[in-house]
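Per-entry structural report
Each chain, letter by letter, is given below.
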Amino acid sequence: MVHVRKVVGQIHYRTCTTCGEGVITGIHIDHRLLPTGIGTRALSHLHSRHPGITWRSTLTLRTTPDLLRRMRIPVGTVGARAQAAAVRES
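These numbers come from a predicted model, not from an experiment.

How each quantity is defined
- Residues numbered from 1 in each chain as written.
- Predicted model: local features only at pLDDT ≥ 70, side-chain atom pairs only at ≥ 80, totals over all residues.
- Heavy atoms only, no water.
- Pairing = 2+ DSSP bridges.
- Helix = DSSP H or I, 4+ residues; strand = E, 2+ residues; numbered from the N terminus.
- Axes fitted to C-alpha atoms, helices over the stretch in contact; angles between N-to-C directions.
- Salt bridge = Lys/Arg side-chain N within 4 Å of Asp/Glu carboxyl O.
- Buried < 20%, exposed > 50% of the residue type's maximum accessible area, 1.4 Å probe, protein only.
- Phe/Tyr/Trp six-rings, centres within 6.5 Å; stacked < 30°, edge-to-face > 60°.
- Right-handed = clockwise from strand over helix to strand, strands pointing away.
- pLDDT = per-residue confidence, 0-100.
- Contact = heavy atoms within 4.5 Å.
- Core = buried A, V, L, I, M, F, W, Y, C linked by side-chain atoms within 4.5 Å.

Bringing the sheet that holds strand S3 (residues 9–16) into the picture now. Read across the sheet, three strands follow the order S3-S4-S5 without closing on themselves; strand pairing throughout is mixed. The outermost strands of the open sheet, each flanked by one partner alone, are S3 and strand S5 (54–57). Going across the sheet, the axis of each strand differs from the next one's by a mean of 30°, ignoring polarity. As paired elements, S3 and strand S4 (residues 21–29) share eight bridges and run antiparallel to each other. Paired with His12 across the strands is Gly26, a residue of S4.

Turning next to the pattern of salt bridges. Any two side chains of opposite charge can pair, given that their charged atoms come close. Taken as a whole and assessed by the stated rule, the structure comprises one salt bridge. Linking Arg32 and Asp30 is a salt bridge whose minimum nitrogen-to-oxygen distance equals 2.6 Å. Relative accessible area serves as the criterion here: at 54%, Arg32 is assigned to the exposed category. Judged by its relative accessible area of 17%, Asp30 falls in the buried class.

Before going further, it helps to examine the packing of aromatic side chains. Evaluated as defined, the whole model comprises one aromatic pair. Here the aromatic rings of Tyr13 and Trp55 are separated by 5.7 Å at their centres, their planes lie at 80°, and the arrangement is edge-to-face. Taken as a pair, Tyr13 in strand S3 and Trp55 in strand S5 lie far apart in primary sequence, 42 residues in all.

Okay, the pairing of S4 next. Burial runs high along S4: seven of the nine residues are buried. As judged from the four bridges shared by S4 and S5, these two strands associate in the parallel manner. Across the sheet, Ile24 pairs through a bridge with Ser57, a residue of S5. Note that the unit made of S4, helix H1 (residues 38–49) and S5 has a crossover that is right-handed.

Another aspect to go through is the confidence of the model for the protein chain. Reading fine detail from the predicted coordinates is not recommended where pLDDT is low. On average, residues of the protein chain score 75 in pLDDT, and 69% of them are at 70 or above. Of all secondary-structure elements in the protein chain, the lowest mean pLDDT belongs to helix H3 (residues 80–89), at 44, while S3 reaches the highest, 89. Every residue in residues 78–90 scores below 50 in pLDDT, and together they form 13 contacts with partners more than four places removed in sequence or on other chains.

Core analysis: the biggest nonpolar cluster contains 15 residues, and Ile11, Ile24, Ile27, Leu43 and Leu68 have the highest contact counts within it. Elements that contribute at least two residues to this core include exactly S4 and H1. Examining the composition of this core, we find that four residues originate from one element, H1, more than from any other.

Structure (structure tokens):
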């Protein structure tokens with residue numbers, strides 16, 4: 001994520017186009033910008049870059065549950081189809 005020409009955060013994720021699922025494995029946002037809504041904008045951008053993907057998250061950080069709830073991204077493990085695809089790719 002870039003704000004005023006400065007990197008202020010990152011979203012780490014994996015997608016499986018075969019099963020149509022994605023998992024967010026990390027969100028790092030400059031703590032000063034958390035209340036500005038930049039996290040919501042970043043996740044909205046992720047949705048638009050990967051249309052048709054069903055998102056989940058493995059995050060349990062204190063700062064992310066509200067953000068993920070607002071974006072309707074469930075916290076938990078990746079679905080069985082994505083796990084099966086990961087095994088096939090190994």
